[in-house]
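# Secondary and tertiary structure notes
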Amino acid sequence: YLSYQWHMDAVGASNAWTMSTGAGTIVAVIDTGVSSGPNDGIGSLVAGYDFANNDSDASDDNGHGTHVAGTIAQTTNNGLGVAGLAPGATILPIKALSASGSGRSEWVAAAIDEAGDQGAQIINLSLGGARSRVIANAVEKAQARGILVIAAAGNSGRKGVGSPAALP
């Protein structure tokens, strides 16, 4: 279904794939969790943590986190399903949002800290909310550790960049 993935063309995926598959990179997906699927799933998914329920099961009960993880590291060029931008990357799922997609700043901040502790080189935050000092502190700490933090600019339809994407 690559022909339906307009966003892959928009970011130059075919060119990127000639340079790297992301192999050896750990990407933490801080979201609603990530679920593995039996067909055309994430090639490398390690055990994560669930701050929303305070347990070790980071399975997705919403679907958003799994979608995000697939965009990053879906198994690619196998004749099945969709393609991921970095299919060789390892996904570290950290659930910081509930089944309804909501969460607490403390959960997100703890998830950022956990991602760093688990060796993530990249943290993906496809989430947003009110400005939060505790999240800002966690992002600053992650950046000081050399971790690349990527956050969604916003899905609200309003002008401007939301938080945490508005952080430096």
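Preceding this paragraph is the structure being described.
Rules used in this analysis
Residues numbered from 1 in each chain as written. Predicted model: local features only at pLDDT ≥ 70, side-chain atom pairs only at ≥ 80, totals over all residues. Heavy atoms only, no water. Axes fitted to C-alpha atoms, helices over the stretch in contact; angles between N-to-C directions. Helix = DSSP H or I, 4+ residues; strand = E, 2+ residues; numbered from the N terminus. Parallel < 35°, antiparallel > 145°, perpendicular 65-115°, else oblique. Contact = heavy atoms within 4.5 Å. Nonpolar A, V, L, I, M, F, W, Y, C, P; charged D, E, K, R; others polar. Phe/Tyr/Trp six-rings, centres within 6.5 Å; stacked < 30°, edge-to-face > 60°. Buried < 20%, exposed > 50% of the residue type's maximum accessible area, 1.4 Å probe, protein only. Salt bridge = Lys/Arg side-chain N within 4 Å of Asp/Glu carboxyl O.

The next subject is the packing of helix α4 (residues 105–117) against helix α5 (residues 133–144). Where α4 contacts α5, the axes come no closer than 8 Å and their chain directions differ by 10 degrees. Between α4 and α5, the angle falls in the class roughly parallel. The residues of α5 that touch α4, namely those facing S105, E106, V108, A109, I112 and D113, are V134, I135, A138, V139, K141 and A142. In terms of residue class, the contact of α4 with α5 is built from 8 nonpolar, 1 polar and 3 charged.

Moving on, we get to the packing of aromatic side chains. Applying the stated criterion to the full structure yields 2 aromatic pairs. On the basis of an interplanar angle of 40 degrees and a centroid distance of 6.0 Å, the ring pair of Y1 and Y4 is categorised as tilted. Each member of the pair, Y1 as well as Y4, is classed as exposed.

Once that is clear, we can look at the pattern of salt bridges. The tally for this structure, following the rule as stated, stands at 5 salt bridges. In this structure, K95 engages D61 in a salt bridge whose closest nitrogen and oxygen atoms are separated by 2.7 Å. Here the residue K95 occupies a position in strand β4 (residues 90–95), and D61 occupies one in the loop between β3 (49–50) and α3 (64–73), the gap between them amounting to 34 residues. Overall, K95 belongs to the buried group, its relative accessible area being 1%. Among the residues examined, D61 registers a relative accessible area of 44% and is labelled partly exposed. The salt bridge involving D117 is made with R145; its shortest N-O contact spans 3.2 Å.

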